[in-house]
Amino acid sequence: MFEFLLSEDQKKVRDEAEELVKWVPRQMILDMDSDKIKFPTEFLREAGKRNLLGTRYPKCWGGRDMNWVTTATLMEEIGTLGYIFSCVFGVGAELVCDALILHGSDFLKEKYVKPLLRGEIFAAECLTEPRGGSDFFGTSSIADDRGDHFLLNGQKRFIVGAEGADYFLVYAKTDPTAEPHKALTCLVVDRGPGVDVKYVYGLMGCRGGGAGRIVFRG
Ligand SMILES: Cc1cc2nc3c(=O)[nH]c(=O)nc-3n(C[C@H](O)[C@H](O)[C@H](O)COP(=O)(O)OP(=O)(O)OC[C@H]3O[C@@H](n4cnc5c(N)ncnc54)[C@H](O)[C@@H]3O)c2cc1C
């Protein structure tokens, strides 16, 4: 990131990210690349302890009241460790928490955002399906509204962080007859019975990031 674009506070966060990068043991990177570590729990814990996750969110939910420039700067620093570090750093704290901060209830923010930003729990975002990822509105997973709960059935693919996630942000159809953008709902699903996760891909440059496939069975 160009120095002149950064405020003093942002430079400080960038320096903190550099410190985090230096903290990562070389062996951790090698173990991830050889799939001995399937998900970098220790790295995300450390990032959370240092208050580097979700810095652009309000302080009351665990962020630091910063902005996207800060996020981009952090991602750039962390990406020096390898693409997959930025990817897992961003999936939970940026993709999942962004949806919850913007659209979730205070209950969800309390239960799922705060501990994630402290580095205590982890999350994955489940959009892509076996039939394709670009066609977002073609999602074929179904969440049937049963009044006091949803019955979710479907499969997801290429889900970064699936291996380590404690919960999943899942896009599913709740009204298959509605026009596409009104047919989908985003659900928070805890890991548990009926959620089958397989770490399968061995993606070049992405090993150790927990990418897996998930089947939701009722
Ligand atoms: C490393 C990695 C991590 C990922 N992490 C996640 C994750 O955490 N969560 C998640 O949900 N998904 C994840 N994905 C999946 C990713 O979002 C999808 O790969 C992406 O959306 C593309 O979908 P697809 O691979 O099924 O390709 P397809 O959608 O089948 O597309 C195949 C090709 O056709 C082209 N194409 C598709 N539709 C059209 C069209 N209408 N017009 C013209 N061309 C078209 C595409 O550009 C592409 O070249 C990950 C993928 C990778 C590789």
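Each remark here, short or long, concerns the structure printed above.
Every residue gets a number counted from 1 within its own chain, in the order that chain's sequence is written. In keeping with the model being predicted, local features are shown solely for residues with a pLDDT of at least 70 and side-chain atom pairs are shown and tallied solely at 80 or more, while totals for entire chains, interfaces and linings include all residues. To get the side-chain values, take all heavy atoms of the structure and skip hydrogens and water.

S.K.: Hey, could you run me through helix 3 (residues 41-49) in this one?
M.R.: Under the scheme applied here, a residue whose accessible area is under 20% of the maximum for its type counts as buried, over 50% as exposed, and between as partly exposed, the area being computed with a 1.4 Å probe on protein chains only. In this description a helix means any DSSP run of H or I spanning at least four residues, a strand means any run of E spanning at least two, and both kinds are numbered starting from the N terminus. For helix 3, the full list of buried residues reads Phe43, Leu44, Glu46, Ala47 and Gly48. Positioned one or two residues after helix 3, asparagine 51 has a phi angle of 60 degrees, which is positive.

S.K.: Quick question: what am I supposed to make of the site of the ligand here?
M.R.: Taken together, Glu125, Cys126, Leu127, Thr128, Gly132, Gly133, Ser134, Phe158, Ile159, Val160, Leu203 and Cys206 make up the full set of residues near the ligand. Here a polar contact is recorded for every N or O atom pair within 3.5 Å, except that within protein the pair must consist of a potential hydrogen donor and a potential acceptor, and residues adjacent in sequence are included only if both atoms are side-chain atoms. With respect to the ligand, the backbone of leucine 127 contributes an N or O atom lying 2.8 Å from an oxygen atom. The separation between an oxygen atom of the ligand and a polar side-chain atom of serine 134 is 2.7 Å. With the chains in place, 43% of the 960 Å² that the ligand exposes on its own is no longer accessible. For this classification, the nonpolar set comprises Ala, Val, Leu, Ile, Met, Phe, Trp, Tyr, Cys and Pro, the charged set comprises Asp, Glu, Lys and Arg, and every other residue, Gly included, is treated as polar. Considered class by class, the residues forming the shell around the ligand number seven nonpolar, four polar and one charged. Here a residue is considered near a molecule or strand provided that any single heavy atom belonging to it is located within 4 Å of it. Surface accessibility follows the Shrake-Rupley procedure with a 1.4 Å probe radius. Residue values consider only the protein chains on display as shielding.

S.K.: Looking at this structure, I do not really get the side chain of lysine 156. What am I missing?
M.R.: Here lysine 156 lies in strand 3 (residues 150-159). Taking relative accessible area as the criterion, lysine 156 reaches 0% and is therefore assigned buried. Looking at lysine 156, its side chain comes within polar contact range of the side chain of glutamate 129, at 2.9 Å. Beyond its immediate sequence surroundings of up to four residues, lysine 156 is in contact with Cys126, Leu127, Thr128, Glu129, Thr139, Ser141, Val170, Tyr171, Arg213, Ile214 and Phe216. Contacts: residue pairs with any heavy atoms within 4.5 Å of one another.

S.K.: Teacher, can you tell me more about unusual backbone geometry here?
M.R.: Phi is mostly negative for residues that are not glycine, and the peptide bonds are mostly trans. Even without glycine at this site, asparagine 51 takes up a positive phi of about 60 degrees. Mapped onto the secondary structure, asparagine 51 falls in the loop between helix 3 and helix 4 (68-78). Given the relative accessible area of 29%, asparagine 51 is considered partly exposed. Within the chain, aspartate 65 stands out as a residue other than glycine whose phi angle is a positive 60 degrees. In this fold, aspartate 65 is placed in the loop between helix 3 and helix 4.

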